[in-house]
Amino acid sequence: MRRRDVKAKKSLGQHFLKDKGVAQRIADTVDIVSDLPVLEIGPGTGALTEHLVVKGRDLRVVELDRESIAYLHEHFPMLRDSRIIEGDFLQMDLAQLFAGKPFVLTGNYPYNISSQIFFKMLDYRDQIPCCTGMIQREVALRLCSAPGNRDYGILSVLLQAWYDTEYLFTVDENAFAPPPKVKSAVVRFTRNKVAELGCDERLFRRVVKTTFNQRRKMLRGSIKPLLAQLDNERTNGVDVPDHTVFLNALYLTQRPEQLSVQDFICLTNDVEAHYLAK
């Protein structure tokens with residue numbers, strides 16, 4: 001089977017990397033953590049894989065496309081011994097990989113599920129100290145954006161709470177076959193030293209998601225849907241607390257993109273304290 005015989009599937013968000021120089025640069029991003037195994041997502045026909053296998057790392061690849069899997073088995077015999085995993089990364093139990101040891105995540109990520117990949121990574125953040133790879137440029141800008149920027153959003157906050165994010169370099173459309181309609185970018189996320197956020201993590205996620213769902217509003221307006229949900233969950237609609245004083249806090253005149261991760265942690269604790277005081 002030849003590489004050109006494997007067709008990119010639009011339904012899987014596939015754009016096969018053909019530029020060997022770019023593939024080498026992406027592969028080299030994993031060297032920042034040189035002593036850990038590597039999991040590659042969506043290897044396709046192995047453009048990135050061929051630069052990873054020569055590093056002598058414990059490498060496994062996970063692929064959903066059967067044509068690509070057949071190609072990998074034929075051209076990467078060193079990976080045949082259960083190192084080519086046929087399946088959906090989003091459905092995998094990552095705690096079972098590499099005997100539970102930490103590992104580096106990398107890949108030319110399918111554009112249609114890249115955000116979902118990073119949400120899953122957050123669930124396994126203590127097992128994934130480093131993540132590198134290529135995604136759409138606009139998504140990369142969002143993930144690495146600082147507060148006050150229009151690209152700053154839900155995943156920016158949730159990711160930066162646990163990882164240091166780096167935008168490494170931009171990749172032109174012509175590096176792929178077929179070429180996507182947008183530019184791509186290579187990023188690296190390195191686990192920071194935060195062990196605990198200092199707030200209820202589930203509530204933190206809800207605060208971030210709820211406020212950004214109405215990002216053009218001031219926080220005092222965008223937080224109201226969450227307060228209504230908490231009223232039902234915590235009081236069953238009986239003795240609903242008065243939110244007037246809470247919503248009149250001066251910092252709630254800001255919009256969500258103006259808040260840092262630490263600001264969102266403080267807001268989460270303020271919401272929690274508001275209910276505990278009732």
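The structure reproduced in this document is the subject of the present report. Bear in mind that the values here come from a model prediction, so they are computed numbers and not experimental data. (Residues numbered from 1 in each chain as written. Predicted model: local features only at pLDDT ≥ 70, side-chain atom pairs only at ≥ 80, totals over all residues. Heavy atoms only, no water.)

**Let's talk about the nonpolar core**
Counting residues in hydrophobic clusters, the biggest one holds 58 residues, and the most contacted among them are Phe 89, Leu 105, Phe 118 and Phe 204. With six residues, the single largest contributor to this core is helix α11 (residues 261-276). When neighbours within four sequence positions are excluded, Phe 89 is seen to be in contact with Leu 39, Ile 41, Val 62, Leu 94, Leu 105, Ile 117 and Lys 120. One finds Ala 23, Val 30, Val 38 and Ala 175 within the second-largest nonpolar core, a separate group that totals 29 residues. (Core = buried A, V, L, I, M, F, W, Y, C linked by side-chain atoms within 4.5 Å. Buried < 20%, exposed > 50% of the residue type's maximum accessible area, 1.4 Å probe, protein only. Helix = DSSP H or I, 4+ residues; strand = E, 2+ residues; numbered from the N terminus. Contact = heavy atoms within 4.5 Å.)

**Quick word on the sheet that holds strand β7 (residues 163-171)**
Reading across from one edge, β4-β3-β2-β5-β6-β9-β7 is the order of the seven strands in this open sheet, with mixed pairing throughout. The strands lining the two open edges of the sheet, one partner per strand, are β4 (84-86) and β7. Each strand of the sheet is rotated relative to its neighbour by a mean of 20°, with strand direction disregarded. With four bridges connecting them, strand β2 (residues 38-41) and strand β5 (residues 104-107) associate as parallel partners. Bridging from a neighbouring strand, Ile 41 pairs with Gly 107 of β5. Of the strands in this sheet, β3 (59-63) and β4 touch helix α3 (residues 66-75), which is tilted by about 160° from β4. (Pairing = 2+ DSSP bridges. Axes fitted to C-alpha atoms, helices over the stretch in contact; angles between N-to-C directions.)

**Points about α3**
Along α3, the positions that sit buried rather than exposed are Ser 68, Ile 69, Tyr 71 and Leu 72. In an axial view of α3, the angular spread of the buried residues amounts to 160°, which keeps them on one side of the axis. Tucked inside the fold, the buried residues of α3 contact β1 (16-17), β3 and β4. (Arc of directions from axis to C-beta.)

**Focus on the pattern of salt bridges**
Applying the stated rule across the entire model yields 14 salt bridges. Lys 20 is the salt-bridge partner of Glu 50, the closest N and O atoms lying 3.0 Å from each other. Of this pair, Glu 50 sits in helix α2 (residues 49-52) while Lys 20 is found in helix α1 (residues 20-28), placing the two residues 30 residues apart along the sequence. Take Glu 50: its relative accessible area is 26%, and that puts it in the partly exposed class. The partly exposed category is assigned to Lys 20, whose relative accessible area is 48%. (Salt bridge = Lys/Arg side-chain N within 4 Å of Asp/Glu carboxyl O.)

**Things to note about empty space enclosed by the protein**
In this approach the atoms are scanned with a rolling probe the size of a water molecule, which exposes any empty space left behind. Taken as a whole, this structure holds one cavity of 30 Å³ or more when the rule is applied. Considering only enclosed or pocket space, the largest cavity measures out at about 30 Å³ in volume. As for the largest cavity, its lining consists of Leu 122, Leu 158, Ala 161, Trp 162, Glu 201, Phe 204 and Arg 205. No other element matches helix α7 (residues 201-212), which puts three residues into the lining of the largest cavity. Tallied by class, the residues present in the lining of the largest cavity amount to five nonpolar, no polar and two charged. (1 Å grid on protein atoms, 1.4 Å probe; cavity = no way out; pocket = protein on both sides within 12 Å on 5 of 7 lines; lining within 4 Å. Points joined across faces, edges and corners; volume = space filled by probe spheres on them. Nonpolar A, V, L, I, M, F, W, Y, C, P; charged D, E, K, R; others polar.)

**A look at the pairing of β5**
The alternating pattern of β5 places Val 104 and Thr 106 on one face and Leu 105 and Gly 107 on the opposite face, and all of these are buried. In terms of strand pairing, β5 meets strand β6 (residues 130-136) through two bridges, oriented parallel. Note on β6: the bridge partner recorded for Leu 105 is Cys 131. Regarding the hand of the β-α-β motif, the stretch spanning β5, helix α4 (residues 114-123) and β6 is right-handed. (Right-handed = clockwise from strand over helix to strand, strands pointing away.)

**Describing unusual backbone geometry**
With phi around 50°, Phe 98 is a residue other than glycine that occupies positive phi space. Its location among the elements puts Phe 98 in the loop between β4 and β5. The phi dihedral of Ala 99 falls on the positive side, at around 55°, and the residue is not glycine. If you trace the backbone, Ala 99 turns up in the loop between β4 and β5. Relative accessible area serves as the criterion here: at 75%, Ala 99 is assigned to the exposed category.

**Some remarks on the packing of aromatic side chains**
Summed over the entire model, instances satisfying the criterion amount to five aromatic pairs. Plain terms: the ring middles of Tyr 152 and Phe 212 are 6.1 Å apart, the flat faces sit at 70° to each other, and that makes the pair edge-to-face. Here Tyr 152 is found in the loop between α5 (137-143) and α6 (154-160), whereas its partner Phe 212 is found in helix α7, with 60 residues between them in sequence. Classification of Tyr 152 as buried rests on a relative accessible area of 0%. Here Phe 212 and Phe 264 contribute two aromatic rings whose centre-to-centre distance is 5.8 Å and whose plane-to-plane angle is 35°, an arrangement assigned as tilted. Taken together, the residues span a long stretch of sequence, with Phe 212 in helix α7 and Phe 264 in helix α11 at a distance of 52 residues. Both residues of the pair, Phe 212 and Phe 264, count as buried. Taken together, the aromatic side chains of Tyr 109, Phe 118 and Phe 189 make up a single cluster linked through ring pairs. In this structure, Arg 25 is placed above the aromatic ring of Phe 169, and the distance from its NZ or CZ to the ring centre is 3.7 Å. In this structure, Arg 125 packs its charged tip against the face of Trp 162, placed 3.6 Å from the ring centre. (Phe/Tyr/Trp six-rings, centres within 6.5 Å; stacked < 30°, edge-to-face > 60°. Lys NZ or Arg CZ within 6 Å of the ring centre and 35° of its normal.)

These values are about where atoms sit, not about what they do.
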